[in-house]
Amino acid sequence: MSDIKTLTVNGKVVEFSDEPNLLEVIRKAGFHVPTFCYRPDLTQYGACRMCVVEVEYPNGRKLINSSCTMPPEAGIVVKTNTERTRRIRKTVLELLLANHDRECTTCDKSGKCELQQYAEEYGIKDVSKYVQKKEKDFLPIDDSNPSIVRDPNKCILCGACVRACQEFQGHAVLGFANRGSKTLVQPIAGKPLASVDCVFCGQCQAVCPTGALTIKNEVNAAWDLITDTNKKVVAQIAPSVRVAIGEEFGLEPGENSIKLINAALKEIGFDLVFDTNFSADLTIMEEAHEFVERVSKGENLPLFTSCCPAWVRYLETQHPDMLNHLSSCKSPQGMLSSVLRELVPQYFEGFTKENLYIVSIMPCTAKKVEAKRAQLRKDGRFDTDIVLTTQELAKMIKSAGIDFNSLTPCDGDSPFAEYTGAGTIFGASGGVAEAAVRTAYEFVTGEPLSDLDIKGMRGVDKGHRCKDVELDIKGSKVKVRVVSTLKEAEKSIQEIKNGTADFHMLEVMACPGGCINGGGQPRSCDDSKIKEKRAAGLYKEDTELQYRRSNDNPDIKKLYKEYLEAPGSHKAHELLHTAYQDKFKGSYKDVVKQ
Amino acid sequence: MTTTLIDIKKEQEKVKEQIKAQGLRVLVCAGTGCVANGSLKVIEKFKELGANVRPMTHQDKVTIVPTGCHGFCEQGVLVVIPDLDITYVRVKPEDVEEIVESHIKEGKPVERLLYVDPKTNEHVFKNEDINFYAKQTRTTLANCGEINAESLDEALATGAYEALHKVLEQGNPDAVIEEITKSGLRGRGGGGFPTGLKWKFTAANRGGKSYVVCNGDEGDPGAFMDRSVMEGDPHKLLEGMAIAGYAIGADEAYIYVRAEYPLAIHRLRVAIAEAEKRGYLGKNIMGSDFNFEIHIKEGAGAFVCGEETALIASIEGERGMPRPKPPFPANKGLFGRPTLINNVETLANVSTIILKGADWFSSMGTEKSKGTKTFALTGEVNNTGLIEVPMGTTLREIVFDIGGGIRGGKKFKAVQIGGPSGGCLTEEHLDLPMDYDNLIAAGAMVGSGGLVVMNEDTCIVEVARFFMNFTQNESCGKCVPCREGTKNMLKILERIVKGKGEMKDIETLEELATAVKDGSLCGLGKTAPNPVLSTLKYFKDEYIAHIKDKRCPAGVCEAMKVITIDAELCKGCTKCARTCPVGAIEGTVRNPHHIDQSKCIKCGACFNACPFKAIKQN
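All figures in this text were calculated on a predicted structure; none of them were measured in a lab.

Visitor: Please provide a residue-by-residue account of the overall build of chain A, values included.
Guide: Tallying secondary structure elements over chain A gives 18 helices and 19 strands in all. For 594 residues, the compact-globule formula gives about 25 Å, and the C-alpha radius of gyration of chain A, at 25 Å, lands near that figure. The C-alpha extent of chain A, read off along each of the three principal axes, is 75 × 55 × 50 Å. Across the 594 residues in chain A, those meeting the buried criterion constitute 53%. For chain A, contacts bridging at least 24 residues in sequence account for 73% of all contacts bridging at least 6.

So this is what it looks like as structure tokens:
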């Protein structure tokens with residue numbers, strides 16, 4: 001442990017040890033300094049100048065600097081709220097607002113926009129003395145894709161999105177162009193997002209302080225389905241939504257509110273509510289089977305998980321030569337939608353193939369793109385009709401006037417809502433691999449795995465983006481690697497390409513920490529502890545559930561018995577597996593351009 | 001140490017002999033300025049006509065030496081013939097024959113090509129009598145103009161690599177840092193940070209990989225000090241870098257040069273290649289176990305890359321945007337490694353300090369600013385060019401003695417010192433000893449040493465607008481105060497020079513200037529308001545004249561020109577009315593005409609058309 005030292009913030013003595021910067025120490029002392037560009041999981045950037053503080057060193061030296069970029073030093077005296085710091089912040093806000101499309105009321109970020117918040121806090125009422133952004137200066141809005149909307153007229157150039165793209169995904173789809181006041185953030189060569197190799201993870205949008213990057217809002221389309229009496233609308237809810245949506249309603253991160261979500265969806269008017277955790281279990285059945293088969297044949301190893309659509313798209317666009325490694329399993333969203341399309345009309349009265357509409361609630365912006373894949377389309381219809389992110393569902397609940405916290409908890413609709421602990425931990429990085437191992441062990445040995453907690457695969461913070469676990473399956477060693485962020489994934493790919501990789505399975509989640517920190521989740525970018533709390537919520541549910549192995553799920557067993565026969569069967573392949581496309585070959589039809 | 005160093009004295013003797021054998025050396029400036037004036041043709045002509053001539057000096061032959069910048073660019077092409085210590089100015093290829101016939105063959109100077117003193121109007125025979133040179137102390141630039149910059153031998157003859165040899169012989173890197181610290185050398189790139197201290201901080205991280213970076217991204221408008229050093233005496237820079245590398249424990253270095261300096265890049269490349277080939281750089285330098293490799297990185301034309309962290313980002317292949325400090329490059333610089341980054345002129349001072357000693361260096365200058373400083377003297381002075389003076393020289397000496405006073409007998413108004421980051425100094429500062437601290441106190445800065453002299457015909461608001469336009473264009477766009485603040489300051493200044501300013505604009509300007517200065521991320525932003533702040537401080541009345549009276553006191557700002565017709569002088573010839581392109585002039589034949597100010601576009605056509613000088617411009 002490093003030594004405890006002290007410094008003074010606004011007259012208060014604060015202890016610090018290994019805080020990465022002064023801003024964190026100031027927060028620890030209980031003071032808030034505003035910032036647009038500081039994000040704990042990204043490199044310090046120091047561009048917005050909102051977090052400026054006055055500092056006096058023990059030797060008498062005084063300076064004014066951004067606290068997010070300063071190392072905390074023992075004995076310094078920090079003042080966060082002086083005439084000078086307030087004046088700088090005010091000027092920064094005024095300058096930004098003058099150069100901003102201030103149509104706040106119709107902005108998707110309204111109410112969650114940091115620029116709006118600080119402008120209000122700092123009492124900015126008049127910016128007319130500065131050069132105004134006029135309509136003729138407006139640049140076109142990029143809504144070329146089904147996932148993310150980019151409005152350059154609301155960009156304050158804090159660079160958070162550029163860093164997120166580079167540092168999380170190693171991808172640099174977004175970058176800076178031009179100089180001085182003509183500087184812009186834009187996709188490569190000024191192309192629309194749909195025309196570059198964006199994977200639509202949405203992390204850029206998750207760190208954006210303003211309405212410059214937002215999720216493509218499909219709330220109205222969902223309402224249209226629900227209010228149409230000729231349509232039967234069913235929902236599915238992804239694992240990580242349940243431990244995050246509560247934050248929008250004042251609950252703690254990690255608090256499991258699946259039963260409240262079920263109730264809210266029913267209240268909104270969904271006819272049936274299912275759980276993607278069920279199809280997570282189904283995924284494990286197929287993927288564990290596939291894994292065991294590949295290991296026994298020694299083919300296409302390491303196996304890559306295929307749950308994360310951003311990862312799938314990354315491979316398709318960057319490494320199409322590696323597509324044979326990808327599991328042919330559809331993602332849990334894809335599996336459940338195709339199962340529901342097939343079986344809901346059989347199991348539930350009043351539902352037909354024609355009147356059935358499927359809305360999935362996902363933590364993820366890339367799922368919106370996944371749902372539009374040509375391979376996930378049957379008889380002229382996409383398996384999933386609408387993908388709503390956690391954020392959008394929260395908006396829907398609010399607009400329906402529902403008091404979320406006082407709803408009567410209710411269960412999902414049988415038989416596609418029963419799930420095991422293995423299904424629920426899909427939402428955290430490492431969960432898929434852990435769930436797969438729990439079942440694969442039994443497939444290989446015929447005996448249930450006794451110790452179900454594979455701790456080495458867990459952890460969602462910055463230090464746990466690459467985890468290697470070696471397992472002993474009755475004498476044979478199996479190595480599993482778990483990575484989150486595509487930047488880490490790329491390193492593993494390079495290891496495979498240069499022959500140094502020794503793992504048999506690679507789980508990849510594009511978002512840092514996995515789906516609990518997905519691009520569609522409630523805002524969590526200014527506190528890196530939030531994702532740890534959400535993950536803890538999932539692992540807690542895992543231990544509380546009756547079944548913790550996917551193959552123990554009674555409804556899954558029933559489904560195989562009544563319909564799918566066995567994992568890897570012809571029927572299972574027809575419904576639950578898919579194919580991938582090489583961007584560089586003629587067959588690649590870019591879904592986002594349709 | 002098992003290695004043995006070469007005998008540098010012996011090498012020097014050898015090359016001195018060679019140079020002696022060159023006979024009479026005719027030094028023709030081949031710096032960028034003179035090349036632009038046609039010096040390459042002059043050199044060609046000299047080679048053609050002078051090659052087989054036996055000079056009056058009874059030397060065996062004549063050698064034409066293309067040199068680096070002599071500094072007196074105003075008068076280029078410059079030709080120096082050392083036998084009579086004579087400088088010929090404005091030499092054209094057609095003058096060469098006369099120089100060869102008269103001067104070289106017969107020892108008679110060609111009087112018409114001599115420099116004319118603007119004060120006495122007489123020809124100056126001796127170099128030392130040319131005021132431009134007389135008041136200078138050339139140490140950094142000592143060899144610029146004396147040697148062929150593309151010849152290692154010539155550099156060696158002037159003592160190049162002797163200092164490096166000395167430190168390698170002594171084998172004590174800390175002693176090198178001590179000597180530099182003792183000399184009082186401060187960063188010549190503008191900030192004036194004590195060089196020895198910077199070396200010490202970087203040396204504290206000895207052990208792993210570290211780098212020396214030379215900042216040659218000289219971007220201030222009108223500044224060319226660093227270019228001249230790189231072009232005129234590249235080995236002095238390379239030696240300084242190697243000594244720095246030895247002191248801090250680095251074996252690799254980069255010179256970041258503007259791509260707009262092709263000649264400097266070429267000469268540096270030639271110098272590096274030759275020095276590496278002959279063992280003065282590269283592996284086992286001069287027989288020691290010290291290795292030092294120097295790379296050249298060409299800049300891509302961004303002013304901000306002169307800021308050290310942006311420069312580092314640019315070398316790394318990233319967009320040239322400054323990074324917050326701390327961490328300072330001394331701890332985490334190029335490729336994340338400890339990096340010593342110094343400006344060209346700073347590094348060019350190093351070898352002389354090592355050879356002549358810290359005491360020699362600190363005997364020049366003021367209490368806190370030691371040594372000499374080069375300035376690029378431009379603007380409305382008679383003698384523009386590159387100069388080097390001891391720190392503490394007054395502005396008066398520079399402008400009126402070295403510079404030969406204001407061109408055309410006009411009145412001195414101000415100098416802009418330190419480029420777009422600097423400030424304006426006025427008449428009241430003429431006797432201020434120029435050093436780092438005095439200039440900061442006066443609201444300007446040494447900067448890299450650009451010195452633009454302005455006369456009474458200069459509009460000071462327009463000057464502020466010019467520099468603000470420059471910084472706004474060159475702002476990297478990263479931090480809000482600089483990106484948005486300079487944009488708004490520029491808009492206000494544009495308004496004022498267009499006669500559309502309001503009194504509250506001055507208040508907004510001041511407000512913005514303070515916020516940009518306090519709030520910006522890097523040096524570019526922090527100093528960007530200086531031109532505005534210093535002109536507001538010393539010339540507020542001019543701002544007010546523009547705003548309240550809609551009048552430009554210097555008569556520069558187009559928009560505020562008022563053209564009127566003097567009714568007394570107007571004969572009603574109608575010429576003006578017929579010439580006016582917008583029909584702004586009304587009047588009938590033989591009656592005085594009148595200009596409708598709301599229509600007038602101030603093109604001045606009427607002014608030229610009037611045969612009676614009846615049209616007046618304010």
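Visitor: Residue-level account of the sheet that holds strand β2 (residues 12-16) of chain A, with values.
Guide: All names here are of chain A. Read across the sheet, 5 strands follow the order β2-β1-β5-β3-β4 without closing on themselves; strand pairing throughout is mixed. One side of each edge strand has no neighbouring strand; the edge strands of this open sheet are β2 and β4 (62-66). With direction set aside, neighbouring strand axes in the sheet form an average angle of 30°. The pairing of strand β1 (residues 5-9) with β2 spans 5 bridges and is antiparallel. Note that in β2 the partner of K5 across the bridge is F16.

Visitor: Give a description of the nonpolar core that names residues and reports values.
Guide: Core analysis: the biggest nonpolar cluster contains 347 residues, and A:C161, B:V28 and B:I243 have the highest contact counts within it. By residue number, the principal contributor to this core is helix α11 (residues 234-248) of chain B, which donates 9 residues. With sequence-adjacent residues up to four places away left out, A:C161 is seen in contact with A:L174, A:V185, A:C204, A:V207, A:C208 and A:L213. By size, the runner-up hydrophobic cluster in this structure holds 13 residues, among which are B:I565, B:C576, B:C580 and B:C606.

Visitor: Lay out the domain arrangement of chain B in plain terms, naming residues and giving numbers.
Guide: You can read the domains of chain B as domain 1 (19-126), domain 2 (152-361), domain 3 (372-455), domain 4 (460-547) and domain 5 (561-617). The centre of domain 1 of chain B, based on its C-alpha atoms, is set 53 Å off from the matching centre of domain 5 of chain B.

Visitor: Residue-level account of the interface of chain B and chain A, with values.
Guide: With 25 residues of chain B in contact, the opposing surface of chain A contributes 29 residues. Those elements giving two or more residues to the side of chain B that touches chain A turn out to be α18 (460-474), α19 (480-497) and α20 (503-519) of chain B. Element by element, the count of residues in the side of chain B that touches chain A is highest for α19(B), at 8 residues. Here the residues of the side of chain B that touches chain A sort into 9 nonpolar, 8 polar and 8 charged.

Visitor: Before we move on, can you summarise the environment of B:T393 with the specific residues and values?
Guide: Residues and elements named next belong to chain B. Turning to its location among the elements, T393 is positioned in the loop between β12 (385-390) and α16 (395-402). Separated by 39 residues in sequence, T393 and L432 place their C-alpha atoms 8.1 Å apart. For T393, the residues in contact, after removing those within four places along its chain, are I398 and M434.

Visitor: Would you mind going over the domain arrangement of chain A in detail, with residue names and values included?
Guide: Accessible area lost upon the coming together of the parts is a frequently used measure of interface size. All names here are of chain A. Parsing chain A into structural domains produces domain 1 (5-81), domain 2 (91-215) and domain 3 (230-576). Domain 2 and domain 3 are separated by 31 Å when their C-alpha centres are compared. With 20 residues of domain 2 at the interface, the matching set in domain 3 holds 24 residues. Every element with two or more residues in the side of domain 2 that touches domain 3 is listed here: α4 (160-169) and α5 (203-207). Looking at which element gives the most residues to the side of domain 2 that touches domain 3, the answer is α5, with 4 residues.

Visitor: Lay out the packing of helix α7 (residues 162-170) of chain B against helix α14 (residues 344-356) of chain B in plain terms, naming residues and giving numbers.
Guide: Residue and element names in this part refer to chain B. Viewed as axis vectors pointing N to C, α7 and α14 meet at an angle of 60°, and their least axial separation amounts to 8 Å. Viewed along their axes, α7 and α14 adopt a mutual orientation that is oblique. Crossing of α7 against α14: the hand is left-handed. In this structure, α7 contributes E162, A163, K166 and V167 to the contact, and α14 contributes S351, I354 and L355. Grouping the amino acids of the contact of α7 with α14 by side-chain chemistry returns 4 nonpolar, 1 polar and 2 charged.

Visitor: So what about the sheet that holds strand β18 (residues 476-484) of chain A? Which residues, and what values?
Guide: All names here are of chain A. With mixed pairing, the 4 strands of this open sheet are ordered in space as β12-β19-β18-β17. Of all strands in the sheet, those bounded by a partner on one side alone are β12 (303-304) and β17 (466-473). Pairing between β17 and β18: 8 bridges, direction antiparallel. If you follow C466 over to β18, its bridge partner there is V483.

Visitor: Hey, could you go over the packing of helix α3 (residues 39-50) of chain B against helix α4 (residues 96-106) of chain B for me, with residue numbers and the actual values?
Guide: All names here are of chain B. For the pair α3 and α4, the least separation of the axes is 9 Å and the interaxial angle reads 45°. Classified by the angle their axes make, α3 and α4 are oblique. The interaxial crossing formed by α3 with α4 has right-handed handedness. From α3, V42, K45, F46, L49 and G50 reach across to α4, where they touch V96, E97, V100 and I104.

Visitor: Please set out helix α23 (residues 540-547) of chain B residue by residue, giving values where relevant.
Guide: Residue and element names in this part refer to chain B. Residues of α23 that are buried: E542, Y543, H546 and I547. The buried residues of α23 occupy an angular sector of 135° when projected down its axis, which confines them to one face. Every exposed residue of α23 that faces more than 90 degrees away from the buried side is listed here: K540 and D541. Looking at the buried residues of α23, the elements they touch are α18, α19, α20 and α22 (530-538).

About the thresholds
Residues numbered from 1 in each chain as written. Chains lettered and ligands numbered in written order. Predicted model: local features only at pLDDT ≥ 70, side-chain atom pairs only at ≥ 80, totals over all residues. Helix = DSSP H or I, 4+ residues; strand = E, 2+ residues; numbered from the N terminus. Rg over C-alpha atoms; globule rule 2.2 N^0.38 Å. Buried ≥ 20, exposed ≤ 12 C-beta atoms within 10 Å, placed from the backbone. Contact = placed C-beta atoms within 7 Å. Pairing = 2+ DSSP bridges. Axes fitted to C-alpha atoms, helices over the stretch in contact; angles between N-to-C directions. Core = buried A, V, L, I, M, F, W, Y, C linked by C-beta atoms within 7 Å. Domains from an automatic or database assignment. Nonpolar A, V, L, I, M, F, W, Y, C, P; charged D, E, K, R; others polar. Parallel < 35°, antiparallel > 145°, perpendicular 65-115°, else oblique. Left-handed = near helix turned anticlockwise from the far one by under 90°. Arc of directions from axis to C-beta.

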